Amino acid sequence: MGPLDAAWHLLNFFAPALGVGLATTAMARLVWRRELRGASFWRLAGWACAACAVGLVAALIVFGRDGKMAGYGLMLATGSLGLWWAGLRGARS
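Computed from a predicted model, the values in this text were never measured in an experiment. (Residues numbered from 1 in each chain as written. Predicted model: local features only at pLDDT ≥ 70, side-chain atom pairs only at ≥ 80, totals over all residues. Heavy atoms only, no water.)

Asks: Residue-level account of the side chain of Thr24, with values.
Replies: Locating Thr24 in the fold gives a position in helix α1 (residues 3-31). Taking relative accessible area as the criterion, Thr24 reaches 16% and is therefore assigned buried. One polar contact links the side chain of Thr24 to the main-chain carbonyl oxygen of Val20, over a distance of 2.8 Å. In contact with Thr24, not counting residues within four places along its chain, are Ala48, Leu76 and Leu83. (Helix = DSSP H or I, 4+ residues; strand = E, 2+ residues; numbered from the N terminus. Buried < 20%, exposed > 50% of the residue type's maximum accessible area, 1.4 Å probe, protein only. Polar contact = N/O pair within 3.5 Å; in protein donor to acceptor, adjacent residues only side chain to side chain. Contact = heavy atoms within 4.5 Å.)

Asks: Now, about the nonpolar core: what can you tell me, with residues and values included?
Replies: Counting 8 residues, the largest nonpolar core is built from Ala28, Leu36, Ala39, Leu44, Ala48, Leu83, Ala86 and Leu88. Mapped onto this core, the elements with two or more residues apiece are α2 (41-63) and α3 (69-88). Ignoring any residue separated from it by four or fewer positions in sequence, one finds Ala28 in contact with Leu36 and Leu83. The next biggest cluster of nonpolar side chains, apart from the first, holds 6 residues, and it includes Phe13, Ala17, Leu56 and Met75. (Core = buried A, V, L, I, M, F, W, Y, C linked by side-chain atoms within 4.5 Å.)

Asks: Give a detailed account of a nonpolar patch on the surface, specifying residues and quantitative values.
Replies: A cluster of nonpolar side chains, contributed by Leu10, Phe14, Val57 and Ile61, occupies part of the molecular surface with about 370 Å² of accessible area. Of all the elements in the fold, those that place two or more residues in the nonpolar patch are α1 and α2. Counting through the fold element by element, Leu10 comes out in helix α1. Given the relative accessible area of 52%, Leu10 is considered exposed. (Patch = residues over 30% accessible without salt bridge, like charges linked within 9 Å, V, L, I, M, F, W, Y side chains within 5 Å. Areas by Shrake-Rupley, 256 points an atom, 1.4 Å probe, with all protein chains shown as cover. Salt bridge = Lys/Arg side-chain N within 4 Å of Asp/Glu carboxyl O.)

Keep in mind these numbers describe shape, not what the thing actually does.
Encoded structure:
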């Protein structure tokens, strides 16, 4: 595999983390408008995307391969945890 193929593989591996991170951030900003008023969209998206990427890498290590539904579930759980950590941790109900 050449360097260009390796780069495409890495980009395609992390693409779901980017998409899920951005989508969950947008949905969280709609649902918790008041609680997330002080948090920047891009700061929340950065935390969510990074947490999703960590979840994908952890799933790859645990399961030994990419593309398992449990891995995507782990990605979603870690992304949600990242959003909570960045924006909702100190919010009052």
